[in-house]
Amino acid sequence: MDFNLTEDQRAIEDAARAFAQAELAPNSARWDEDKHFPVDVVRKAAELGFAGLYVREDVGGSALSRLDASIVFEQLSYGDVSVAAFISIHNMASWMIDRFGSEELRRRYLPRLTSMELIASYCLTEPGSGSDAVAMKTTARRDGDQYVLNGTKAFISGAGTSDLYVVMARTGGEGAKGVSAFVVEKDMPGISFGAQERKMGWNAQPTAQVNFDDCRVPEANRIGNEGEGFKFAMAGLDGGRINIASCSLGGAGLALDTAKAYLETRKQFGQALKEFQGLQWRLADMATELDAARLMVRRAAHALDTKNPKATQYCAMAKRFATDAGFEVANQALQLHGGYGYLRDYPLERIVRDLRVHQILEGTNEIMRVITARELFRA
Amino acid sequence: MKVLVPVKRVIDYNVKARVKADQTGVDLANVKMSMNPFCEIAVEEAVRLKEKGAATEVVAVSVGPTQAQETLRTALAMGADRAILIQTDQDLEPLAVAKVLKAVIAEEGPQVVLMGKQAIDGDNNATGQMLAALLDWPQAAFASEVVIEGGKAKVTREVDGGLQTLNVDLPAVVTADLRLNEPRYASLPNIMKAKKKPLDVKELGSLGVDTAPRLKVVKVTEPPKRSAGIKVETAADLVSNLKTAGVL
């Protein structure tokens, strides 16, 4: 077992780091403050292959592994958590089309998704169904060679800005087997968007409800067969959880490095903070938690890559652990900064606000425990 | 037209360099290394010459340890066609590097050697000039613009008084200054493709070049720490202090 990154992975990491340091980090405070979604910059990221990380090459994807993608998202989120997380969602939605969509659907959309000429969102959650996603009420009624969608999706990253929406909707009876997945275009008649949500963090990307009111979608835009949508959505989320967990690693990494530098320069009681053993131990624990989280995330990514039967469990465990650890590390880093940590002049309060939501989305950390326990009892 | 781009693996520009305790040099153990930024600019310019149709092949060459292969892969990922590593663990002086490059050029026959004006480790700013002298080729150092046409290179150079434009016959050595271009990021697909591009490794000894050191490093020390300044009461005091210091 080799815990070192390969030469390729180091090159990929360097590329992502260079991009994040030059294009994201210098702007992240301003984007957060102005609630600005930098479409131009995410398209620049796409030019480097970050928009179709594990999409196949024939449609412009980078054809990398989940582990490679995790390395990329960690670096991007070191520069800006909110933007990196958005790019990860675009990747997840694009992958669903690549993995489960028809050849025609792939060719129609993916070349423009990998270049981010088109931006994609993922629509599963509804106002009345979050953790209990399978209770969704959005329907897709068949009418000739079209489907007619009705319902509302909530907490949709990119809503109103994205060009494509991968939507899970009910084509059959209750339960998971009644759900199908569709690609809905922004300008198809009957789709509309709610007001922008006012959020604690993740301000560099829009979030809103997506409404379907007799929205007509061609049958050709269905991903896979009727009744397979929920399965696809869950498969997408296995990888999505790795991505979000990786974004926690990057944000927490920046918090840790910032705190370390602060302990080295800040003096109180006549000595640098780093001379106080209590603070040394705190920093050591933060580094330890973060490293443990990174190991779990990379193992889970590797399990997905190698189709390990326990991949779903590993993804859930890694998501739960890494997003909890990431938030805790950021919160501790804020505490180590004292009053300065609470000011927007330092990145800590932003990282704390951005990482907090990682414990909630892509399946709450409570649901991660449900999945883990279910897999334990299955064995 | 073939362009040869020598590239050097140096301590990363973001790393705070530390001097070894015995004052023999900079501590490179566990330090991040990357391509010298001026070399990156040279690679970018060579790739742009190829994209414009002025060049047909871009060959990157490095003289250094095995790990310099990673630096060459970066050049390949940016768009160089193939790479050559002249492998050595010796830390070569500019003249020795120039001699090695001359030997490589004898084999490769490039029309243009495009290289960084200096490396950020030793800051010698000498290899390009020495190479041109050894080859008896024209040189145009500190380029801020390069145009290749009709067997000549029109090179705009940054000099103290402003810009100077030179027309040099090819073959020639051109060294890149900071403002020549902004290097591209290597894209992920190109990083993966770079693995499949040819990278030849040759032992330094196989070239038969005398690379014995001619200089002896006496000692390497950290720059002096900034000491506290003084406070002046009035603007007149400030001016008179500046005059005393010879600044005004």
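Residues numbered from 1 in each chain as written. Chains lettered and ligands numbered in written order. Predicted model: local features only at pLDDT ≥ 70, side-chain atom pairs only at ≥ 80, totals over all residues. Heavy atoms only, no water.

For chain B, the name recorded in an unreviewed UniProt entry is Electron transfer flavoprotein subunit beta, with Phenylobacterium kunshanense as its organism. UniProt, in the comment section headed Function (unreviewed entry), describes chain B in these words: "The electron transfer flavoprotein serves as a specific electron acceptor for other dehydrogenases. It transfers the electrons to the main respiratory chain via ETF-ubiquinone oxidoreductase (ETF dehydrogenase)." (UniProt positions renumbered as here; feature names shortened; annotations may be inferred.)

An unreviewed UniProt entry lists chain A under the name Acyl-CoA dehydrogenase, from Phenylobacterium kunshanense. Here chain A is described in UniProt, under the heading Cofactor (unreviewed entry), as follows: "FAD".

Asker: Is there a simple way to explain the overall build of chain B in this structure?
Answerer: When helices and strands are tallied, chain B shows six helices and 11 strands. In terms of its C-alpha atoms, chain B occupies a principal-axis envelope of roughly 65 × 45 × 40 Å. The buried share among the 248 residues of chain B stands at 42%. In chain B, the share of contacts with a sequence separation of at least 24, taken over all contacts with a separation of at least 6, comes to 70%. Side-chain charges of chain B comprise 32 positive and 31 negative groups, with the mean position of each set lying 2 Å from the other. (Helix = DSSP H or I, 4+ residues; strand = E, 2+ residues; numbered from the N terminus. Buried < 20%, exposed > 50% of the residue type's maximum accessible area, 1.4 Å probe, protein only. Contact = heavy atoms within 4.5 Å. Lys, Arg positive; Asp, Glu negative; His and termini not counted. Charge placed at Lys NZ, Arg CZ, Asp CG, Glu CD.)

Asker: Honestly, the overall build of chain A in this entry has me stumped. Any pointers?
Answerer: On a plain count of helices and strands, chain A comes out with 11 helices and 10 strands. Relative to the compact-globule value of 21 Å for 379 residues, chain A shows a C-alpha radius of gyration of 21 Å, a close match. Overall size of chain A, expressed as C-alpha extent along the three principal axes, is 80 × 45 × 40 Å. A separation threshold of at least 6 residues defines the contact pool for chain A, and within that pool the share at least 24 residues apart is 74%. Separation of charge centres in chain A, based on 45 positive and 50 negative side chains, amounts to 3 Å. (Rg over C-alpha atoms; globule rule 2.2 N^0.38 Å.)

Asker: I would appreciate a short explanation of the interface of chain B and chain A in the present structure.
Answerer: How big an interface is tends to be stated in terms of the accessible area lost upon association of its parts. Across the boundary between the two partners, chain B contributes 11 residues, which contact 20 residues of chain A. Taken together, the two surfaces of chain B and chain A that pack against each other cover about 1,200 Å², and 64% of this comes from carbon and sulfur. Taken together, chain B and chain A are joined by three salt bridges. Of the charged contacts in the structure, one is a salt bridge between Glu 70 of chain B and Arg 10 of chain A, with a shortest N-O distance of 2.5 Å. There are five residue pairs in polar contact (both at pLDDT 80 or more) connecting chain B and chain A. Mapped onto the side of chain B that touches chain A, the elements with two or more residues apiece are helix H2 (68-78) and helix H5 (188-194) of chain B. (Buried area = accessible area lost by both parts, 1.4 Å probe. Salt bridge = Lys/Arg side-chain N within 4 Å of Asp/Glu carboxyl O. Polar contact = N/O pair within 3.5 Å; in protein donor to acceptor, adjacent residues only side chain to side chain.)

Asker: Please clarify how the pattern of salt bridges should be interpreted in this entry.
Answerer: Pairs can form between side chains of opposite charge once their charged atoms are near each other. Residues and elements named next belong to chain A. Counted by the stated rule, this structure contains 44 salt bridges over all chains. Residues Glu 349 and Arg 344 are paired through a salt bridge, measuring 3.7 Å at the closest nitrogen-oxygen approach. Across the salt bridge formed by Arg 378 and Glu 375, the nearest N and O atoms sit 3.2 Å from each other. Separated by three residues within a single helix, Arg 378 and Glu 375 lie in helix H11 (residues 365-378), roughly one turn from each other. We classify Arg 378 as exposed; its relative accessible area is 59%. Using a relative accessible area of 13% as the deciding quantity, one classes Glu 375 as buried. A network of salt bridges, in which partner residues are shared, links Arg 56, Asp 58, Asp 98, Glu 103, Arg 106 and Arg 107.

Asker: In this structure, what is going on with the sheet that holds strand E1 (residues 2-6) of chain B? I would like to understand it.
Answerer: Remark on secondary structure: sheet strands pair via backbone hydrogen bonds, oriented parallel or antiparallel. Residue and element names in this part refer to chain B. Spatial strand order, E9-E8-E7-E10-E6-E1-E4-E5-E11: nine strands in an open sheet with mixed pairing. Here the strands that pair on one side only, and so sit at the sheet edges, are strand E9 (162-169) and strand E11 (199-203). Going across the sheet, the axis of each strand differs from the next one's by a mean of 30 degrees, ignoring polarity. Bridge count between strand E7 (residues 139-149) and strand E8 (residues 152-159): six bridges; the pairing is antiparallel. Across the sheet, residue Glu 149 finds its bridge partner in E8, namely Lys 152. Against the sheet, helix H4 (residues 127-135) contacts strand E6 (112-116), E7 and strand E10 (172-176), and its axis sits at roughly 175 degrees relative to E10. (Pairing = 2+ DSSP bridges. Axes fitted to C-alpha atoms, helices over the stretch in contact; angles between N-to-C directions.)

Asker: Looking at this structure, I do not really get the side chain of His 90 of chain A. What am I missing?
Answerer: Tracing the chain through its elements places His 90 of chain A in helix H5 (residues 81-100). Excluding residues within four positions of it along the chain, His 90 of chain A makes contact with Ala 51, Leu 113, Met 116, Leu 118, Ile 119 and Ala 120 of chain A.

Asker: What am I meant to see in helix H8 (residues 277-305) of chain A here?
Answerer: The α-helix advances 3.6 residues per turn, and as a result positions three or four apart in sequence lie on the same side. All names here are of chain A. In this model H8 runs 42 Å from its N-terminal to its C-terminal C-alpha over 29 residues, within 8% of the 42 Å that 1.5 Å per residue would give. Buried residues along H8 sit against helix H1 (7-24), helix H4 (66-79), helix H7 (229-265) and helix H9 (311-336). One or two steps after H8, the chain reaches Lys 307, where phi turns positive at roughly 55 degrees. (Expected span 1.5 Å × (residues − 1).)

Asker: What is the right way to look at the packing of aromatic side chains in this model?
Answerer: The geometry of two aromatic rings is summed up by the distance between their centres and the angle between their planes. Inspection of every chain in the model, using the stated rule, returns nine aromatic pairs over all chains. Ring geometry for Phe 269 of chain A against Phe 276 of chain A: centres 6.4 Å apart, planes inclined by 75 degrees, an arrangement best described as edge-to-face. Overall, the relative accessible area of 79% leaves Phe 269 of chain A in the exposed class. Among the aromatic residues, those joined into a ring-pair cluster are Phe 19 and Phe 50 of chain A together with Tyr 185 of chain B. The ring of Tyr 54 of chain A carries the charged tip of Arg 66 of chain A above its face, separated from the ring centre by 3.8 Å. Taking NZ or CZ as reference, Arg 299 of chain A lies 3.5 Å from the ring centre of Tyr 314 of chain A, over its face. (Phe/Tyr/Trp six-rings, centres within 6.5 Å; stacked < 30°, edge-to-face > 60°. Lys NZ or Arg CZ within 6 Å of the ring centre and 35° of its normal.)

Asker: Got a minute to help me understand unusual backbone geometry in this structure?
Answerer: Excluding glycine, most residues fall at negative phi; most peptide bonds, likewise, are trans. Geometrically, the link from Leu 170 of chain B to Pro 171 of chain B is a cis peptide bond, its omega value of 0 degrees lying close to zero. Tracing the sequence through the fold places Pro 171 of chain B in the loop between E9 and E10. In this structure, Lys 307 of chain A takes a positive phi of about 55 degrees despite not being glycine. In this fold, Lys 307 of chain A is placed in the loop between H8 and H9. The phi torsion at Asp 136 of chain B lies on the positive side, around 60 degrees, for a residue other than glycine. Summarising the element assignment, Asp 136 of chain B is placed in the loop between H4 and E7.

Asker: Got a minute to help me understand the packing of H5 of chain A against H7 of chain A in this structure?
Answerer: A pair of packed helices can be characterised by two numbers: the angle between their axes and the separation between those axes. Residue and element names in this part refer to chain A. Closest axis-to-axis distance for the H5/H7 pair is 9 Å, and the angle between their directions is 155 degrees. Compared by their axis directions, H5 and H7 come out roughly antiparallel. Relative to H7, the crossing made by H5 is right-handed. The residues of H7 that touch H5, namely those facing Val 81, Ala 84, Ala 85, Ser 88, Met 92, Trp 95, Met 96 and Phe 100, are Phe 232, Ala 233, Ala 235, Gly 236, Leu 237, Gly 240, Asn 243, Ile 244, Cys 247 and Gly 251. Partitioning the contact of H5 with H7 into residue classes produces 13 nonpolar, five polar and no charged. (Parallel < 35°, antiparallel > 145°, perpendicular 65-115°, else oblique. Left-handed = near helix turned anticlockwise from the far one by under 90°. Nonpolar A, V, L, I, M, F, W, Y, C, P; charged D, E, K, R; others polar.)

Asker: Where do I start with the side chain of Thr 258 of chain A in this structure?
Answerer: Residues and elements named next belong to chain A. Counting through the fold element by element, Thr 258 comes out in helix H7. Judged by relative accessible area, Thr 258 falls into the buried class, the value being 18%. Those residues in contact with Thr 258 that lie beyond four places of it in its chain are His 337, Pro 347 and Leu 348.

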